[in-house]
Amino acid sequence: MQGWKARAGDLPALAGLASQSALRCLALRGPAGDPTEALARRLGAAGFALAHTGSARALLFAPGTIPPQAGKDLQAAGFSGITRYSLAGT
């Protein structure tokens, strides 16, 4: 991915930017060994994101592609307060 530009609605590009930003945040602030990127990859997410404070994580999926075991996998990795919502109106 080149630069920090993406067209509205381009899920792969936008998810890639979010992931790149999250990786930079993790590199600067930690925690070391954060499981979010590996979970996103294993679950087939388009990307992942972190809150600026680092206290919240998001896996970014195309509509209809969240695997049924995603919630259990997140809990097994130590995540809590798991919420699912859509930004695409689906």
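Computed from a predicted model, the values in this text were never measured in an experiment.

(A) View of helix α2 (residues 36-43). Regarding α2, the residues found buried are T36, L39, A40 and L43. Burial along α2 is one-sided: seen end-on, the buried residues are contained in an arc of 100°. Turned more than 90 degrees away from the buried face of α2 sit R41 and R42, all of them exposed. Buried residues along α2 sit against β1 (47-50), β2 (57-60) and α3 (70-76). G44, located one to two residues past α2, shows a positive phi value of around 80°.

(B) Inspection of the layout of surface pockets at higher detail. Its volume calculated, the largest pocket comes out at about 1,100 Å³. Lining the largest pocket are 34 residues, with A58, L59, L60, T83 and Y85 sitting closest to its centre. For the lining of the largest pocket, the secondary-structure elements that each account for two or more residues are α1 (11-29), α2, β2 and α3.

Thresholds, definitions, all that
- Residues numbered from 1 in each chain as written.
- Predicted model: local features only at pLDDT ≥ 70, side-chain atom pairs only at ≥ 80, totals over all residues.
- Heavy atoms only, no water.
- Buried < 20%, exposed > 50% of the residue type's maximum accessible area, 1.4 Å probe, protein only.
- Helix = DSSP H or I, 4+ residues; strand = E, 2+ residues; numbered from the N terminus.
- Arc of directions from axis to C-beta.
- Contact = heavy atoms within 4.5 Å.
- 1 Å grid on protein atoms, 1.4 Å probe; cavity = no way out; pocket = protein on both sides within 12 Å on 5 of 7 lines; lining within 4 Å.
- Points joined across faces, edges and corners; volume = space filled by probe spheres on them.

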